[in-house]
Structures are given as structure tokens and as C-alpha cells.
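Notes for the structure review
What follows is each chain in one-letter form.
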Amino acid sequence: MAITSYPFDGQSVTESQFSQLFREFVDSGIAASAWANAFQVSADGAAMSVKVQPGFAIVRGHAVLSTAVETLPIAAAGTSTRYDRVALRLDPAANSITLTVVQGAAGGSAPAMTQTDTGIYELPLATVTVGANITAVTSAAVSGDRRFVGQSVGAWVTTTRPVTPRLGKLGLNYDTSVWEFWNGTAWTPLVASVSWSSLTGKPATFSPSSHSHQWSDITDPPVSLPPSAHKHPWGDITGTPSTYPPATHSHSWSSISDKPSTFPPSSHSHGSYLESGDTIAWSNGTKRAHSSSVSGSGTYYAVWVNGSGQFCRNTSSRRFKQNIRDIDIAPEAVLSLRPRVYDRRPDETGGDYARGEFGLIAEEAAETLPEIVTYDEEGRIDALRYDLLSVALLPVVQDQAARIERLEALVEEMSRAS
């Protein structure tokens, strides 16, 4: 009869039939979590031996249970490194599953496990590196090879995957934390790895959603935070004073509103008027003009008026000066000045004003020769020191004189040469 079925009542079922049946339910391996220490192999410490923890396992459809720690001797080391393997060995002829050490060849690689379908079947537990001339097995010399059983799926590391998997076999590789399956040729990740460059339809930018940060999480915060320009409603201000005496300040004429168009003088008197022959007070003393013309005898001065309306003389003697030093005035700065013709603006009374007056514009002169520009009390450009303009012209004249002298010398030299 070519068809065999089992197990049924009143029927003898062989060990091979049960083994074949159970192998379809579960793979050979340790029946425990992949992180458990069931049948875990470790170094014995100071001897040529290893210890195997208790556990439960399935080996080709057969069960094995160990309830105590077992010690396995490791053969003495030789002059070359070898690799031994600790395994659970199924021997159907002896009706047993035992712990065994499969010794490797000196200088060779780890021995392969015997895994037949009906005879000996060895389930690897660990590989022991036996160094040359060692006298004890260290923990670093033991590496795990355990395989674990699963229900509908399995669990393993890369080196302990099922040896003869069927198409579609699924399991968790806890070495890489990846679910993988057998595609008939190779183990393939259940979920393909996706790179950013392979994604389609991804946004170009990622605007942050509404969120907040703890101050302690911010790196490189400023030491101080000067407030930016802002305003506060009057109702939000606390502790305001009941009155506000004005602080010392000033107003420009243009900022005053509702000013009268004329200012009739109030009743007043003058101690003296500045007229020909009158005495003028200044910072250096009192002087009296000798006559209405400067052709007479005596000393005459140019007069300045300061911002307070006081008169003072323009002195030039070394006696009134200090920190005297040369000044470099570029001739081109003076030559760039532009004489202009202009009309004066009318004053506040709306009276007549000068037309066709010529001179310099202070703002234009400030661009090239700021030394002759003066400013008012509010820091605005106001007037020009025309008395200094003649001094500024001296470098121009001196430069031109030097040029003429050089040109005359050159002409004379060329004349002699011809």
C-alpha cells in the first residue's frame, strides 16, 4: 500500500512517524524566549570545562528536559587553536538526547553538526575557542549558537537560522531586530528598507507644528534680553505719578504751534546800543573803535557772534593758541567747492529777502571740506567759516606754485637740450 496515515486507535505508531509528525509542528530548537538562559553555555571559570543551564528543547520531533546545571569537560589545549562545539545530540538508536562536545581539529575551523533525517541529529548550543596551551576556558572564548523554536513563526540570530527552511518560513532575527522570511533562495526582510531618496511625493519643506520649548532646553541663549521697541496702553501701567513736572528740555521753532505772526516788543530799555564809537564787551577785554574807518590809527579785529548773541574778537596771535600743528588739506577738496547763486528765504515777518546772492552751500561744503562748516545748538549744519576758506586756499596756491616751478625747470632743461 503506497499511502500511510497515523496515529489512529488500535494502531502502532513508530518513533520515526511521531518524529516526522512533530517536525511539521515545530522546528528543532530551544523551547524558550530568545533572551532566556535555557541550555545557555558559559565558561566554568578556572578549569577546562563549560557549564550548561537547564532547559527544554525539541530536537527533530523529540523532546529533551534538563533540570540542573550540567558541567562538560573540554579536552586539553594543544599548541594550535581549535574550535569545539557544544550540542544536544539525538541518537535514535540509543533512544536518548544528551549533551556532548564535538571536538574540532587543531588549527581548523569549527566542526559541522551532524544532522541526518533518521539517524544522529546534533542541535548546536555554543562554540568554544580553545586557544593554544590554555589551561582554563574564559567567558570570552564561548559564543552562543542556540536556535529557538516558534509557533507559527520562529526566532533566531543570523548564525542560527533554520538549516533547511521551507518557502515562506517566517521568523524574527533578534540579531538585527528584523522580521525575515525564506524566499526559496535567501532570507529577505519582511518589510523592505526604504531610503529617503526612494520616497515619492514627499514634501519639500516641513513647517513645524505649534509647539513650545523649555528655557532649559534652549542652547546658546543670550545673557541679557534688551526689550525691542514696543508700546503699552496707559491702563496697563501701574504706579504712575499723579503729576508730571516737565524735565529740562527744548523745542525747535518749527515744532511750536499757534505762535503769533508778529512779536511787538514789550516796554523795555537798553543800557547802550552798539554803534560806531560805542564800547563792545568781549572775552578778552574792552576796545573802542577810533573812527568809522579802519584807515586811522589803533588796532582793529574781526568780530564773531556766538550762539548766545555775545561779541568776541577773532585773534590770531600765538599767545591765544596751543597744540599748534600742521594740517593736510587736499587741494582737490577745495577745488571741488561749487559757488552758487540763490535767494534767501523770507523771515517769520514775511518781509523782503535777498535775491541773487552768491556763495557756498554749507551741506555741499561739508562733503569735501568739513573744517569750515559750523553747526547750531541742535547739531544741524548752520553756517560756513568764510574766514577759513582763504586759509584752505593756501595749499592749493602752494601746490600750483610748486607745479609751475617744476614746469619752468622742465621747459628750461628742454630748451638747453635743443
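Residues numbered from 1 in each chain as written. Predicted model: local features only at pLDDT ≥ 70, side-chain atom pairs only at ≥ 80, totals over all residues. Heavy atoms only, no water.

Looking at the overall build of the chain
Cut-off, in case you're wondering: Secondary structure counts use DSSP, requiring at least four H or I residues in a row for a helix and at least two E residues in a row for a strand, with both numbered from the N terminus. A 1.4 Å probe rolled over the protein chains alone gives each residue an accessible area, and that area as a share of the maximum for its type sets the label: buried under 20%, exposed over 50%, partly exposed in between. Contact definition: two residues touch when any of their heavy atoms are within 4.5 Å. Calculation of accessible area relied on Shrake-Rupley with a 1.4 Å probe; when residues are assessed, cover is drawn exclusively from the protein chains displayed.
A tally of helices and strands in the chain yields four helices and 22 strands. Looking at the chain residue by residue over its 418 residues, the buried ones come to 23%. Considering only residue pairs separated by 6 or more positions, the chain has 46% of its internal contacts joining residues 24 or more positions apart. By element, 54% of the accessible surface of the chain is carried by carbon and sulfur atoms, the whole surface being about 30300 Å².

Some remarks on the nonpolar core
For soluble globular proteins, nonpolar side chains are generally found buried alongside one another. Rules: To define a nonpolar core, start from buried Ala, Val, Leu, Ile, Met, Phe, Trp, Tyr and Cys residues and group those joined through side-chain atoms within 4.5 Å.
Core analysis: the largest hydrophobic core is formed by 30 residues, its most contacted members being Val50, Leu88 and Val137. Residue assignment for this core shows that the elements contributing at least two residues are β2 (41-43), β3 (49-52), β4 (55-59), β7 (82-91) and β9 (121-130). Look past the residues within four positions of Leu88 in its chain and what remains in contact with it is Phe39, Ala57, Val59, Val64, Ile97, Thr98, Leu99, Tyr121, Glu122, Leu123 and Leu125. Within the second largest apolar cluster, 14 residues are counted, among which are Leu337, Ala362, Leu369 and Val396.

Comments concerning the sheet that holds β3
To keep it simple, the criterion reads: Strand pairing is assigned whenever DSSP detects at least two bridges linking the two strands. Fitting a line to C-alpha atoms yields each axis, with helices limited to the stretch in contact; the angle taken between N-to-C directions then spans 0 to 180 degrees.
Strands sit in the order β2-β3-β6 across an open sheet of three strands; the sheet is antiparallel. Edge positions in the open sheet fall to β2 and β6 (70-73), since each of these has one partner strand only. The sheet shows a mean angle of 30° between the axes of neighbouring strands, taken without regard to direction. Note that β3 and β6 share four bridges and pair antiparallel. The residue bridging Lys51 from the neighbouring strand is Thr71, located in β6.

Thoughts on the sheet that holds strand β11 (residues 154-156)
Reading across the sheet, the four strands line up as β11-β12-β13-β14 and stay open at both edges, with mixed pairing between neighbours. Of all strands in the sheet, those bounded by a partner on one side alone are β11 and β14 (187-189). The mean angle between the axes of side-by-side strands here comes to 35°, regardless of whether they run parallel or antiparallel. Of the pairings in the sheet, the one linking strand β12 (residues 170-173) to strand β13 (residues 178-182) comprises four bridges and is antiparallel in character. Directly across from Leu170, in β13, lies its bridge partner Phe181.

Description of the pattern of salt bridges
The condition is simple: In what follows, salt bridge is the name for a side-chain nitrogen of Lys or Arg lying within 4 Å of a carboxyl oxygen of Asp or Glu.
Applying the stated criterion across every chain, the model contains 13 salt bridges. Notably, a salt bridge pairs Arg85 with Asp145, separated by 3.4 Å at the nearest N-O pair. Of the two residues, Arg85 sits in strand β7 while Asp145 sits in the loop between β10 (142-144) and β11, which places them 60 residues apart along the sequence. In this structure Asp145 comes out as buried when scored by relative accessible area, which is 10%. One salt bridge in this structure joins Arg89 and Glu122, with 2.6 Å as the shortest N-O distance. Of the two residues, Arg89 is situated in strand β7 and Glu122 in strand β9; the sequence distance between them amounts to 33 residues. Taking relative accessible area as the criterion, Arg89 reaches 29% and is therefore assigned partly exposed. Overall, Glu122 belongs to the buried group, its relative accessible area being 2%.

Points about the pairing of β3
Sheet faces and side chains relate simply in a regular strand, where the side chains alternate between the two faces. Where β2 lies against β3, three bridges are found, and the strand directions are antiparallel. Bridge pairing in β3 places Val41 opposite Val52. Connecting the antiparallel pair β2 and β3 is a turn made up of five residues, with Gly45 showing a positive phi of about 120°.

Considerations on the packing of aromatic side chains
To be explicit about the condition: Any two of the Phe, Tyr and Trp rings considered here, Trp counted by its six-membered ring, make a pair once their centres fall within 6.5 Å; the pair's planes then place it as stacked at under 30 degrees, edge-to-face at over 60, or tilted in between. A ring has a charge above it when a Lys NZ or an Arg CZ is no more than 6 Å from the ring centre and no more than 35 degrees off the ring normal.
Under the definition given, this model contains five aromatic pairs. The lysine or arginine in question, Lys202, covers the ring of Trp196, its NZ or CZ lying 5.4 Å from the ring centre.

Focus: the confidence of the model for the chain
If pLDDT is low for a region, its predicted coordinates should not be looked at in detail. Cut-off, in case you're wondering: The pLDDT score gives, residue by residue, the confidence of the prediction method on a 0 to 100 scale.
Per-residue confidence for the chain gives a mean pLDDT of 84, with 89% of residues at or over 70. Throughout residues 272-293 the model reports pLDDT below 50, and contacts reaching past four residues in sequence, or to other chains, amount to 30 contacts.

Considerations on the environment of Tyr6
Relative to the assigned elements, Tyr6 resides in the segment before α1 (15-25). Between the alpha carbons of Tyr6 and Gln17 there is a distance of 7.9 Å; along the sequence they are 11 residues apart. If near-sequence neighbours (up to four positions away) are discounted, Tyr6 is found in contact with Gln11, Val13, Gln17, Phe18, Gln20 and Leu21.

Considering helix α4 (residues 386-417)
Applicable threshold: Expected span of a helix: the number of residues minus one, times 1.5 Å.
For α4, with 32 residues, the first-to-last C-alpha span of 47 Å sits near the 46 Å given by 1.5 Å per residue. Among the residues of α4, Leu389, Ala392 and Val396 are the ones counted as buried. In this structure, the buried side of α4 is in contact with α2 (331-335).

Description of a nonpolar patch on the surface
Applied cut-off: Patches were defined on residues exceeding 30% relative accessible area and lacking a salt bridge, with like-charge contacts within 9 Å and nonpolar side-chain contacts (Val, Leu, Ile, Met, Phe, Trp, Tyr) within 5 Å.
A contiguous nonpolar surface patch, about 450 Å² in accessible area, is contributed by Val194, Trp196, Leu199 and Phe206. For Phe206, the position within the fold is in the loop between β14 and β15 (279-282).

Here's the deal with the side chain of Lys169
Short version of the rule: Identification of polar contacts relies on pairs of N or O atoms within 3.5 Å, with a donor-acceptor requirement for protein atoms, meaning one able to donate a hydrogen and the other able to accept it, and with residues adjacent in sequence counted only if both atoms are side-chain atoms.
The topology assignment puts Lys169 in the loop between β11 and β12. Among the residues examined, Lys169 registers a relative accessible area of 17% and is labelled buried. One polar contact links Lys169 to Asp27, side chain to side chain, over a distance of 2.7 Å. Residue contacts for Lys169: discarding those within four places in its chain leaves Asp27, Gly154, Trp156, Pro162, Glu180, Phe181, Trp182 and Trp187.

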